[in-house]
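# What the coordinates show
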Amino acid sequence: MTIKIRGARQNSLKNLSLDLPANELIVITGVSGSGKSSLAFDTLFAEGQRRYVETFSPYARQFLDRMDKPAVDRIEGIPPSIAIDQTNPVRTSRSTVGTLTELTDHFKLLFAKASHLHCGECGRNVEPDHAEQVAQRVLAEHAEQRCEIQFDVKVPDNFDADEIQHWLDSQGYARSEVLENHVVRVTQDRLKLSTARQDRLVEALEIALHRGHGEAWLKLDDQLQRVSTDLSCQCGTRYSPPTQSVFSFNSPLGACDDCRGFGRVIGIDYGLVIPDHNLSIRDGAIKPFQTESNAVCQRDLMKYAKAEGIDVDCPWGELDDDTQRWVIDGAGGWNSKKWYGVARFFEWLEGRSYKMHVRVLLSRYRSYSACPTCAGARFKSSSLLWRIGSEENAKQVLEASRRFLPSGLKIDRAQLERWPGLHLHDLMQLPLVKLKTFIDALKFDGAMAAGTEQLLTEIRRRLSFLVDVGLGYLNLDRQSRTLSGGEVQRINLTTALGTSLVNTLFVLDEPSIGLHPRDIDRVVGVMQKLRDQGNTLVVVEHDPQIMLAANRIIDMGPGAGERGGEIIFNDVPAKLLTHPSSVTAQFLRRERRVDHGLSSRPVGHKTPKLTLRGARENNLQSVDLTLPLGHFICVTGVSGSGKSTLIHDTLYMAIKQQLGEPVEAPGAFESLEGMTHIGRVELIDQSPIGRTTRSTAATYTGAFEAIRKIFAKLPQSLERGYKLGTFSFSSGLRCPTCSGNGFEHVEMQFLSDVYLRCASCDGKRYTDELLEVVYTGADGRVCNIADVLALSVNEAMAVFADEKTIIKALKPLIDVGLDYVQLGQAVTTLSGGEAQRLKLAGHLAKMRDLKEPTLFLFDEPTTGLHFADTEKLLSSFDPLLEAGHTVLVIEHNLDVIQAADWIIDLGPEGGDQGGQIVFAGTVADIKQHADNHTGKSLVDYDAASLSIAEASPAQYQTNPAITVHGAREHN
């Protein structure tokens, strides 16, 4: 079976025709913008999806039939398609790793069928009583004692006790006594406990339980024991039977009543109320009091503080805890003659929240914090009384001191820790690698073993897949919206593997993102398993390990944008190494190397440093981080070692807080030293830049405003009275149908929302009247404003060669390798790596305005970059470093690591086995550490490059010519 593509012309593709063998792992590589995604996603996957939706109802198809079909003559033999890309569309905190992988559904069923209950009042094990089991227990514990078996009868309101007694006498019950609350206790039988009378005891218990509606009593030497067929403890506490909904935080039966299963509640964040701890009370430490409308509160605070003898000129951070608590909590009510407190001020605002401006004010100082009732567990306390496993199982993976204590329980922690097994939230918090250890050791006896065998097998299989792709450091309670694009992609990959799909086309976008080189083989193994099940995988990738593990490589190029869209190579990986003109082959052979072009900057004793001490958020183990400023620093380490927690959640937030900017509270740390050496910090991550199609590459860099000014000065514009705003697609003469977006948004009930090209303007954004205004470029090209937006950056440089303002705005895009991007391309359609480089271009454009030393933080900026593009990226860092700024990148790319002045390596492993700085030094030094994962990867990379460079071309066959059918180059 073969997938045949004929005449593909999507985006920059040059009328490609090629055959893709089924059931193979196929890698598509090439420089950025060469057409990889256009071929894999916009052509191959889009056509597979289009054919799939043809099976939908006529209602759905009335929208989907209007979707733009891929620009291709025909595609034959394409199976059902699934795209697994880098995007993380999840925004709700209800989505977790457990729900993404469907493991929460499996655990709900496991707990409903196989868990054991402990009483929250007394701590006893609670389970339903059965007559035979009770008889055996009583005979073993109270042999030869006298025993009475009793049950209770509720007296109806319209009967009296004499009538009930008469009725009991007629039934043969001679012994009974009237209790309180209209209850009569009846004796079913009296006997001396012995083995010979076991059958009689069982029969009496069965009748008593039946007559007592599931409840009976054993009277032994004037001591009463309660027997019940329902879930009732000896202390009298009753529990509902376990159902799957009890173990779901998305169900009212299982979710915490206060946070409703979110695990967080919204409240006033005093880190936002008092953002700058260097300010005193007089200088305005309490930010909401500094407005004109709330100035009276500032005056009250000053008056009462002086009366209390508080130093109002002392910085907030140097005030003692009691003083800070007095400022926030106050010492009296509104009408008292004492300070009412910042907290009561916000309570007063809450009472006036029916006013819009008050709601806006409150929103500025609110943030989410862990729910005080469930402590972030999401579940009701009663749901966490159920456990699975034994005490031995629990000790393997979880220390007793870390166990979660449900709120509202009357037992103490010591008693809780004696309970065998783990409850659901314990399992949700375990790193997946430890959870796998626990489940692998989990055993059940008898009928329970047979009933849970299939369920446990499926859980173990899914956990194995997740650990195999390097996600063992995650836990099931981790919110999906906090995952990186690479982590989401690998989770989706393992989910697909767990569903056992066959005859399916999987299209993947750089599954190596976020993976340390040590773990690449794990992803390769999972992809090969999918292939061996009978699926076809098309992977857009730049990692050499994945390239060489593929069955086939398609190398796109030779350049980006209009200079790309051709197939340079299409054959087995071994033959690529001898291809003479492939840029990819040149880098693999090491004929070309990633020449970073960065000036060498040795770190010395006099180098100014920024030091973060005692970082202990998440898995960080009281880390001391020292950054040599003015250098290119690379933070490395295996997945889950704590890089993002250290740099994003702690360092970045701590610096912003020290600079007096309102942010969420940083991760726990002791101190931050050396702030006098930096004036600002910029985090350049892969988060989307804009949310609408009106945000484009041209608007982001400021080039579009300069372009509109030129169009507004044209003779036609002056004649018609067109102004600068007339050429804006946020107002002016924009298309009234799509409001200048170029697309219409159609909401689908059970599918992803659909964006359709506007039928009125054909995606041009403007009215026909405005498009009559044309500009003649320096290269002689005549174009209107819509034509300009369709230009690539390279083309625009030629058209506006005489316009210095536009050239200056577009030059940074070329410096970061985005010369192929169209000026009007919506930033929402950019990949994470492209978005990050666009942000970098924005900073490069404004670099002259950066007067103070700046710390730039990048999160895997090489995402989506070819070897050649990595060169451009590294070269673009040099102007920042030359200007005295500091560049810090979190990166796994070995070429980038080799270019760094200073390496900080975290590890040694992921999850609770990480969180330490295992190395800090130069590239040469880390290569000397044979036990360091990053150092070993660098040494192996050099050795592999050497072996490839020394390989004899005679070992490989000459690359066969690629047959291209129906070539129609350009026009």
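Structure report, in brief. Values in this document were obtained by computation on a predicted structure and should not be read as measured data. (Residues numbered from 1 in each chain as written. Predicted model: local features only at pLDDT ≥ 70, side-chain atom pairs only at ≥ 80, totals over all residues. Heavy atoms only, no water.)

What follows covers the pairing of strand β8 (residues 146–154). Taken across its nine residues, β8 has seven buried, putting it largely inside the fold. In this structure, β8 lies alongside strand β10 (residues 183–192), joined through nine bridges in antiparallel fashion. In the strand pairing of β10, Asp152 is matched with Arg185. As paired elements, β8 and strand β11 (residues 215–220) share four bridges and run antiparallel to each other. Residue pairing for β11: Cys147 is matched across the bridge by Leu220. (Buried < 20%, exposed > 50% of the residue type's maximum accessible area, 1.4 Å probe, protein only. Helix = DSSP H or I, 4+ residues; strand = E, 2+ residues; numbered from the N terminus. Pairing = 2+ DSSP bridges.)

Among the nonpolar cores identified, the biggest contains 156 residues, and Phe107, Leu110, Phe632 and Phe877 are the most heavily contacted of them. Setting aside anything within four residues of it in sequence, one finds Phe877 in contact with Leu598, Phe632, Leu840, Phe858, Pro861, Val887 and Val889. Core analysis: the next-biggest nonpolar cluster, separate from the first, contains 30 residues, Leu272, Ile281, Met302 and Leu319 among them. (Core = buried A, V, L, I, M, F, W, Y, C linked by side-chain atoms within 4.5 Å. Contact = heavy atoms within 4.5 Å.)

Further remarks concern the packing of aromatic side chains. A complete count under the given rule lists 21 aromatic pairs for this structure. Their ring planes at 45° and their centres at 5.4 Å tell us that Phe111 and Phe247 sit as a pair that is tilted. Of this pair, Phe111 sits in helix α4 (residues 103–114) while Phe247 sits in the loop between β14 (238–239) and β15 (264–268); the two residues are 136 residues apart in sequence, bridging distant segments of the chain. The class of Phe111 is buried, set by a relative accessible area of 0%. With a centroid separation of 4.5 Å and an interplanar angle of 35°, the aromatic rings of Trp339 and Tyr340 are classed as tilted. One aromatic cluster is present, built from ring pairs that chain together Phe289, Tyr304, Trp326, Trp339, Tyr340, Phe345, Phe346, Trp348 and Tyr365. The lysine or arginine in question, Arg378, covers the ring of Phe249, its NZ or CZ lying 4.6 Å from the ring centre. (Phe/Tyr/Trp six-rings, centres within 6.5 Å; stacked < 30°, edge-to-face > 60°. Lys NZ or Arg CZ within 6 Å of the ring centre and 35° of its normal.)

Within this structure, the stated rule accounts for two cavities of 30 Å³ or more. Considering only enclosed or pocket space, the largest cavity measures out at about 70 Å³ in volume. Around the largest cavity sit Gly30, Val31, Asp555, Met556, Gly557, Pro558, Ile568, Ser581, Ser582, Val583, Thr584 and His866, which together line it. Listing elements by their share of the lining of the largest cavity, those giving two or more residues are β20 (552–557) and α22 (583–588). (1 Å grid on protein atoms, 1.4 Å probe; cavity = no way out; pocket = protein on both sides within 12 Å on 5 of 7 lines; lining within 4 Å. Points joined across faces, edges and corners; volume = space filled by probe spheres on them.)

Attention now moves to a negative patch on the surface. On the surface, a cluster of negative charge is made up of Glu132, Asp199, Glu203 and Glu206. It is helix α7 (residues 198–211) that contributes the most residues to the negative patch, three residues altogether. Its place among the elements puts Glu132 in helix α5 (residues 131–141). (Patch = residues over 30% accessible without salt bridge, like charges linked within 9 Å, V, L, I, M, F, W, Y side chains within 5 Å. Areas by Shrake-Rupley, 256 points an atom, 1.4 Å probe, with all protein chains shown as cover. Salt bridge = Lys/Arg side-chain N within 4 Å of Asp/Glu carboxyl O. Lys, Arg positive; Asp, Glu negative; His and termini not counted. Charge placed at Lys NZ, Arg CZ, Asp CG, Glu CD.)

By themselves, these are just geometric observations and shouldn't be taken as functional.
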